[in-house]
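# Descriptive structure summary
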Amino acid sequence: RSGLVDLLRRVNNLTLTSGQFMPFICQGVQVGIVTQEVCEVLLRYPHVFHVTQTYVTFSNMLQGFHQCSQALNEVLLELRATQEFSRCLDGWRNECYEISSTYGAKPFFQIERSAAPILGIRKYGIQINGYVNDREKGLCMWFQRRSKTKQTYPGQIDNFVAGGLTEGRGVLETAIKEGGEEAGLTADQCRLQPTGSISYLHRSERGIHPLTEFVFDVELADSWRPTNTDGEVDEWILCPVAKIFDILYSEVNIILATGFFDRD
C-alpha cells in the first residue's frame, strides 16, 4: 500500500547530507550524529569536546567511561539550567543509556536518556505485539493510547508494549519489565516470541534519533484485559487485524509489527 510506504518514510525520514551533519566519534568509532547547530554549542566546552571541521569527539583530557560520562553530564546539566535544547532536556529522566560500539559491547560512556537526540546517539528499545484470537472479532491486536502526561507523544496510539533499554538491563529483562508495568503481564504470560529487529533513522523537533527496536510477539487469552500499573497508558484498544491499517494511517505513533505481519 502506498499509504504504508508514506508512513514508513515519515518514520525513517532523515537523509544524511554531506556538510549538514558531523559524526560524533568515541575511541575511533562513530556513536552519534551532530548538527552544525549542536557543534556551535559544543565549541563552548573545549575541556569536554574536541570539534574539528569533519568530526566531534571527547577531549583528550578525558579518559575512560567515568570521566567521559561525568563531564558530559555536567555539560548537559548546564544546558538544562540555561534552557538550551529545552525540547529534549525538559524531559530529563534521570535514566541513562550506555553507549558502545555495538549493542552489548563494553560501554564507552553513558548519557542521560532525554539528551540522546542532541548528539544523535543510537537508542535501543523493545516492542511487544500482543495478539488475540477473539471469539467474536477474530484475530486482533492490542494497542495502547499513551498517557496525556507522557513527555513524548502524549495521547497518541502506540504499540501494545514498548520501552527503551537503559543501563543495567538486557533485552528480554526489559521486555518482561515493560510488559508488567505497562500492561500487567505476569511472568507466566510473558511467553515472548522474538521476531527480529528494526533499525531506522528519524529526525524530530527534539533532534536526531537513530533507533533499533527488538520486536516480540505474545499470544494472549481472549478473556484477558491489560491493566496499566505505571500511569503511562490512558486507554486500551483491541483492534481486528483487518482494521489495523486504519489506525496506522490515522493517529498512531510508531507501530513495529514485523514478525506479526509475516504470519500466514
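Note that the coordinates shown come from a computational prediction; the quantities given were computed from them, not determined experimentally.

### With respect to the pattern of salt bridges
Counted by the stated rule, this structure contains 10 salt bridges. The partner of Asp222 in a salt bridge is Arg135, and the shortest N-O contact between them spans 3.0 Å. Taken together, the positions of Asp222 in the loop between β12 (207-220) and β13 (233-240) and Arg135 in the loop between β7 (123-134) and β8 (138-146) put the pair 87 residues apart, joining distant regions of the chain. On the basis of relative accessibility, which here comes to 18%, the residue Asp222 falls in the buried class. With relative accessibility at 76%, the residue Arg135 sits in the exposed group. The salt bridge partner of Lys177 is Glu178, with a shortest N-O separation of 3.3 Å. Shared partners join several salt bridges into a network, and the residues in it are Lys177, Glu178 and Glu181.

### Let's talk about helix α5 (residues 171-183)
Compared with an ideal rise of 1.5 Å per residue, which puts 13 residues at 18 Å, α5 spans 17 Å between its outermost C-alpha atoms and is within 8% of the ideal. Directly after α5, the chain includes Gly184, whose backbone phi takes a positive value near 75 degrees.

Analysis parameters
- Residues numbered from 1 in each chain as written.
- Predicted model: local features only at pLDDT ≥ 70, side-chain atom pairs only at ≥ 80, totals over all residues.
- Heavy atoms only, no water.
- Salt bridge = Lys/Arg side-chain N within 4 Å of Asp/Glu carboxyl O.
- Helix = DSSP H or I, 4+ residues; strand = E, 2+ residues; numbered from the N terminus.
- Buried < 20%, exposed > 50% of the residue type's maximum accessible area, 1.4 Å probe, protein only.
- Expected span 1.5 Å × (residues − 1).

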